[in-house]
Amino acid sequence: MADSDIEQLRDAIDHAWEEARNFGLDPFPTHFELVPATIMYEFASYSLPGRFSHWTHGKAYHRQKMQYDFGLSKIYEMVVNTNPSYAFLMDMNDLLQNTFVAAHVFGHTDFFKNNAYFQHTSRRMIDKVSIHAERIAKYEFDHGKAEVERFLDAVLAIQEHVDYNLLIREEDPSKKEEKRTKPSSEYDDLWGLDKRARRVEEERDRRPGKPPKLPEKPEKDLLLFLNQYAPHLQPWQRDIIEIVRTEMLYFVPQMQTKVMNEGWASIWHSRIMRKMGDRGFISDSETLEFAQLHSGVLSPSRTSLNPYYLGYKMFEDIERRWDNPTEEERERLGRKSGKGHEKIFEIRELDNDVSFLRNYLTEELIKELDLYLYRKEGDEWVIVEKNWEKVRDGIVASLTNFGYPYLVVENGDYHGNRELYIKHLFEGQELDLIYAEKTLQHVYLLWGRPVHLETVYEGKRILLSYDGERNSKSTLEK
C-alpha cells in the first residue's frame, strides 16, 4: 500500500473502532501490522508467530501459498487471541479491503475477550510459544534434530486428544502466575513433571497387593496421561509433550467456537461498514464494492458448511426472532418481542458451537439455508437426510470433539505389565484403520510398552495392537 493509503487506513481503523464501541462491542486493544503474502501464509501455517519449527508447518505453508498463487483461496487477515490482540493485514489488499478486514477483526477480538470458553486461555501466548520454540531448538542441539523431530511426530499425531475441561476446574491462571513471582528458571515446570512421574512409579511399587486401576476412571486427556505416567520418558521428552499440550489447549476454544466466532465477526463487519457508509466515510462506489466482498465471504458452499455464512445467518435469525417474532414463534416460545440485541450478546458470552447449533438452528432456518446430510456412494455424493432435526443433530455430531474420534485411556496397566489400553467411544463414525495403526506406532514410542486400541469396525468390536515390531488386529467377543 502507498504511504498515503496507509495514513487513510489508520483513520479508517480508528473510525471502525469507534463504530464497534458504539454498537456495544468491547474488544481487546488491537495492534495492526501490514505484511506481505509470504509472511501472512507463514504465520497462518504456524497458527501463531514464533512457534517451534516442524515439517507439518512447512507442508501447511506450501499448500496454502499454492492455493493463493493459483487464485483458489485468499487469507484476508490473521488475528491472535492475546491482550492486546495482534492482527495482520495483507499489504497487497487495497484500502477498502483492509478497512473491511479491520472491522471484522474487532468482532473477533470482542469474542476473544468476552466468550466464556476463552477465559482460561493465556493472553500472552506469543511470548510463551517463543520460549517453547527456544526450548525445542535447544533439545535439537543437545539430542539431534532427527531424534527431536521423531518424538515431535509422535506427540503431534495425538495432539487433539486433550481435555480442555480440566482447565475450567483448575485455579485461575493469573492467580497462579502471581504465586510464581520469583521462579528460579523457565524450566521449573519441566522438573515438576519429571518428579511427579517418578513419584507415581515409587508409590506404585510400594503398594502391597494388587495396585489400584490406572487410571481410576477413563482419561480423555491422552497427552496429560502419557506425560504423567509413561515410565521411560526423559525430562526433555516430557517437556515437549507439555509444550504441545499447552499450545493445543490454547487453540481448543477457537475450535469449539468456529461458527459462532466467524458469524459474530461477519455480522459486525457488515454493520460497522454500513454505518461508515452512512456517515460518508465510505463512498457509494466503495459501499457497492464492499457488498461484493461481503457476499464473497458469506457465499454458501454446496459441499461443506461455510462457518461465516451459517453463523451470520443464525445470529440474524436469533435477533429477528427476539425482536419481531411471528405469532407462531411467540405462542410456541411464550416470549415477548424485544431485546434481540441483548440476546445475541448473551449468546456470544455463554455458548459454544455445539450449544449454539443445538439451541438456535431452527427448522425454518435449515429449510431456508437448504441444509442436508450427504455421503459418498461409489463415485457420487448423494443426499441421505433432509429431516430438519436429523440434519441439525448430524451437524452437531460432526462438531462434537471437533470432529475427532473420542478416545480415552481405559487401562495403563493392561495384562499387569504396563501395556496401554485405549478405548474408542464409538458414535457411528468408523476409524481409518491404516491411520489408526500408524498412530499406535507413535503412541508406542511415547509409552514404551505395547499399546492397544478398542474400536468398532463393520459392526464388530475389534482390538488394534502394536507391540513395537508389528501391528495386529483381533475380534473381541460381545
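Let me sum up the structure you'll find in this document. Predicted, not measured: the structure shown is a model, and the values here were computed from it. (Residues numbered from 1 in each chain as written. Predicted model: local features only at pLDDT ≥ 70, side-chain atom pairs only at ≥ 80, totals over all residues. Heavy atoms only, no water.)

## Examining the nonpolar core
Turning to step 1, where the next piece is worked out: With 53 residues, the main nonpolar core has F356 and L361 as its most contacted residues.
Turning to step 2, where the next piece is worked out: For L361, the residues in contact, after removing those within four places along its chain, are L310, M314, F356, I366, L371, W388, R392 and I395.
Turning to step 3, where the next piece is worked out: Core analysis: the next-biggest nonpolar cluster, separate from the first, contains 45 residues, F52, Y139, I240 and I422 among them. (Core = buried A, V, L, I, M, F, W, Y, C linked by side-chain atoms within 4.5 Å. Buried < 20%, exposed > 50% of the residue type's maximum accessible area, 1.4 Å probe, protein only. Contact = heavy atoms within 4.5 Å.)

## Quick notes on the side chain of H452
Turning to step 1, where the next piece is worked out: In this structure, H452 sits in strand β8 (residues 451–457).
Turning to step 2, where the next piece is worked out: At 2.6 Å, the side chain of H452 forms a polar contact with the side chain of E419.
Turning to step 3, where the next piece is worked out: Each residue touching H452, except ones within four places of it in the same chain, is listed here: Y414, E419, L420, Y421, I422, L440, L463, L464 and S465. (Helix = DSSP H or I, 4+ residues; strand = E, 2+ residues; numbered from the N terminus. Polar contact = N/O pair within 3.5 Å; in protein donor to acceptor, adjacent residues only side chain to side chain.)

## A word on helix α6 (residues 145–156)
Turning to step 1, where the next piece is worked out: Counted at 1.5 Å a residue, the expected span for α6 with its 12 residues is 16 Å, and the 16 Å between its end C-alpha atoms agrees.
Turning to step 2, where the next piece is worked out: Taken together, the buried positions of α6 are V148, F151, L152, A154, V155 and L156.
Turning to step 3, where the next piece is worked out: Against the buried residues of α6 lie α3 (55–69), α5 (125–143), α10 (222–229), α11 (235–256) and α20 (433–447). (Expected span 1.5 Å × (residues − 1).)

## Details of the packing of aromatic side chains
Aromatic rings in a pair are described by how distant their centres are and how their planes are angled relative to each other.
Turning to step 1, where the next piece is worked out: Applying the stated rule across the entire model yields 23 aromatic pairs.
Turning to step 2, where the next piece is worked out: Centroid distance Y414 to Y421: 4.7 Å. Interplanar angle 55°. Geometry classified as tilted.
Turning to step 3, where the next piece is worked out: Between Y444 and Y466, the ring centres sit 5.4 Å apart and the planes meet at 85°, which makes this aromatic pair edge-to-face. Here the residue Y444 occupies a position in helix α20, and Y466 occupies one in strand β9 (residues 460–466), the gap between them amounting to 22 residues.
Turning to step 4, where the next piece is worked out: Three or more aromatic residues link up through ring pairs in this structure, and these residues are F23, W264, W268, F315, W322, F345, F356 and Y360. (Phe/Tyr/Trp six-rings, centres within 6.5 Å; stacked < 30°, edge-to-face > 60°.)

## Some details on the pattern of salt bridges
Turning to step 1, where the next piece is worked out: According to the stated counting rule, one finds 24 salt bridges in the structure shown.
Turning to step 2, where the next piece is worked out: For R124, the salt bridge identified is with D127, shortest N-O distance 3.8 Å.
Turning to step 3, where the next piece is worked out: Notably, a salt bridge pairs D393 with R358, separated by 2.5 Å at the nearest N-O pair. Separated by 35 residues along the polypeptide, D393 in helix α19 (residues 388–399) and R358 in helix α17 (residues 353–360) bring together distant segments of the chain.
Turning to step 4, where the next piece is worked out: What you see here is one network of salt bridges that share partners, running through R21, D26 and K113. (Salt bridge = Lys/Arg side-chain N within 4 Å of Asp/Glu carboxyl O.)

## Some words on the pairing of strand β7 (residues 419–424)
Remember that side chains alternate between the two faces of the sheet whenever the strand is regular.
Turning to step 1, where the next piece is worked out: When you tally the buried positions in β7, you get 5 out of 6 residues, the bulk of the element.
Turning to step 2, where the next piece is worked out: In this fold, β7 hands off to α20, which returns the chain to β8; that crossover is right-handed. (Right-handed = clockwise from strand over helix to strand, strands pointing away.)

## Here's the deal with the packing of helix α1 (residues 3–22) against helix α12 (residues 258–278)
Turning to step 1, where the next piece is worked out: Orientation of α1 relative to α12, taken along the N-to-C sense of each, is 110°, at an axis distance of 9 Å. The orientation of α1 with respect to α12, classified from their angle, is roughly perpendicular. For the element pair α1 and α12, the recorded crossing hand is right-handed. Contact with α1, carried on its side by A12, H15, A16, E19 and A20, involves I272, K275 and M276 of α12 and no other residues of that element.
Turning to step 2, where the next piece is worked out: Here the contact of α1 with α12 is built from residues that sort into 5 nonpolar, 1 polar and 2 charged. (Axes fitted to C-alpha atoms, helices over the stretch in contact; angles between N-to-C directions. Parallel < 35°, antiparallel > 145°, perpendicular 65-115°, else oblique. Left-handed = near helix turned anticlockwise from the far one by under 90°. Nonpolar A, V, L, I, M, F, W, Y, C, P; charged D, E, K, R; others polar.)

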